[in-house]
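Examining the three-dimensional arrangement
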Amino acid sequence: MNVVPPELQFAFEICARVGTPLRGGVGRLGERVHVPISGGTVRGPRLNGRVLPGGGDWLLMRPDGSSLIEAHYNIEAEDGTPIYVHNRGLRVSSREVLARLQRGEAVADDEMYFRSAPVFDAPEGPHGWLSDRLFVARLTRAGDEVMVQVFELR
């Protein structure tokens, strides 16, 4: 068997500003939290633009302290093209690291597993390629910003 792993190519970074989390209380599966997205930037070799306000991250904090991420928001390319983003991910860390994140402190990448698989819905035209590719992302959070380094799976 000839196993050929796919390659990753950096496409762009989304830097999203986030607001104060709205907590929904602890339920059977964990605690539901809504984190509003208020704006941000998109910069990189394949796409530049801005994050539009009005999106959000609806996450589930499981009893073990890890979180299932479910973000929905829109970006606008430099040429004005609207692009919808649905980003599902996973954050796993110790409870200590989670507490630091919740206080808005920076956490090193090697202190947690914070990854996602963003899906883009772009109209036909110069940004249509986003709808025709698979992506993975590395996420970091510092204060009121979440940085999403997006890599095309080739």
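Look a little higher up for the structure.
Below you will find a few notes about this structure. What you see is a predicted model, and the numbers here were worked out from it, not measured in a lab.

Brief notes about the pairing of strand β9 (residues 134-142)
Along any regular strand, the residues point their side chains to alternate faces of the sheet. Every second residue of β9 is oriented toward a common face, the buried set being F135, A137, L139 and R141 and the non-buried set L134, V136, R138, T140 and A142. Relative to β9, strand β8 (residues 112-121) is paired through two bridges, and the arrangement is antiparallel. If you follow R115 over to β9, its bridge partner there is R138. The pairing of β9 with strand β10 (residues 145-153) spans nine bridges and is antiparallel. Paired with T140 across the strands is M147, a residue of β10. Counted along the chain from β9 to the antiparallel partner β10, the turn is two residues long, and its residue G143 has a positive phi close to 60°.

Concerning the environment of P123
Secondary-structure assignment places P123 in the loop between β8 and β9. With 41 residues separating them along the chain, P123 and P82 place their C-alpha atoms 7.9 Å apart. Setting aside residues up to four positions removed in sequence, P123 forms contacts with T81, P82 and G128.

Focus: the layout of surface pockets
Here the largest pocket defines a volume of roughly 410 Å³. Every residue lining the largest pocket is counted, 26 residues in all, and those nearest its centre are V35, L59, R91, R141 and V146. Those elements that place two or more of their residues in the lining of the largest pocket are β1 (8-18), β3 (30-43), β5 (55-61), β6 (67-77), β7 (82-93), α1 (95-102), β9 and β10. By residue class, the composition of the lining of the largest pocket is 17 nonpolar, four polar and five charged.

Some thoughts on the nonpolar core
Soluble, globular proteins show a tendency: their nonpolar side chains are buried together. Counting 36 residues, the largest nonpolar core has F12, I14, F120 and L130 as its most contacted members. Excluding residues that lie within four positions of it along the chain, F12 makes contacts with V42, R43, G44, R46, L47, F120, W129, L130, V148, Q149 and V150.

Regarding the pairing of strand β2 (residues 22-27)
With zero of six residues buried, β2 is to be regarded as a mostly surface element. Relative to β3, β2 runs antiparallel, the two being bridged by four bridges. Note on β3: the bridge partner recorded for V26 is E31. Once β2 ends, the chain turns through two residues before running back antiparallel as β3.

Cut-offs and rules
- Residues numbered from 1 in each chain as written.
- Predicted model: local features only at pLDDT ≥ 70, side-chain atom pairs only at ≥ 80, totals over all residues.
- Heavy atoms only, no water.
- Buried < 20%, exposed > 50% of the residue type's maximum accessible area, 1.4 Å probe, protein only.
- Helix = DSSP H or I, 4+ residues; strand = E, 2+ residues; numbered from the N terminus.
- Pairing = 2+ DSSP bridges.
- Contact = heavy atoms within 4.5 Å.
- 1 Å grid on protein atoms, 1.4 Å probe; cavity = no way out; pocket = protein on both sides within 12 Å on 5 of 7 lines; lining within 4 Å.
- Points joined across faces, edges and corners; volume = space filled by probe spheres on them.
- Nonpolar A, V, L, I, M, F, W, Y, C, P; charged D, E, K, R; others polar.
- Core = buried A, V, L, I, M, F, W, Y, C linked by side-chain atoms within 4.5 Å.

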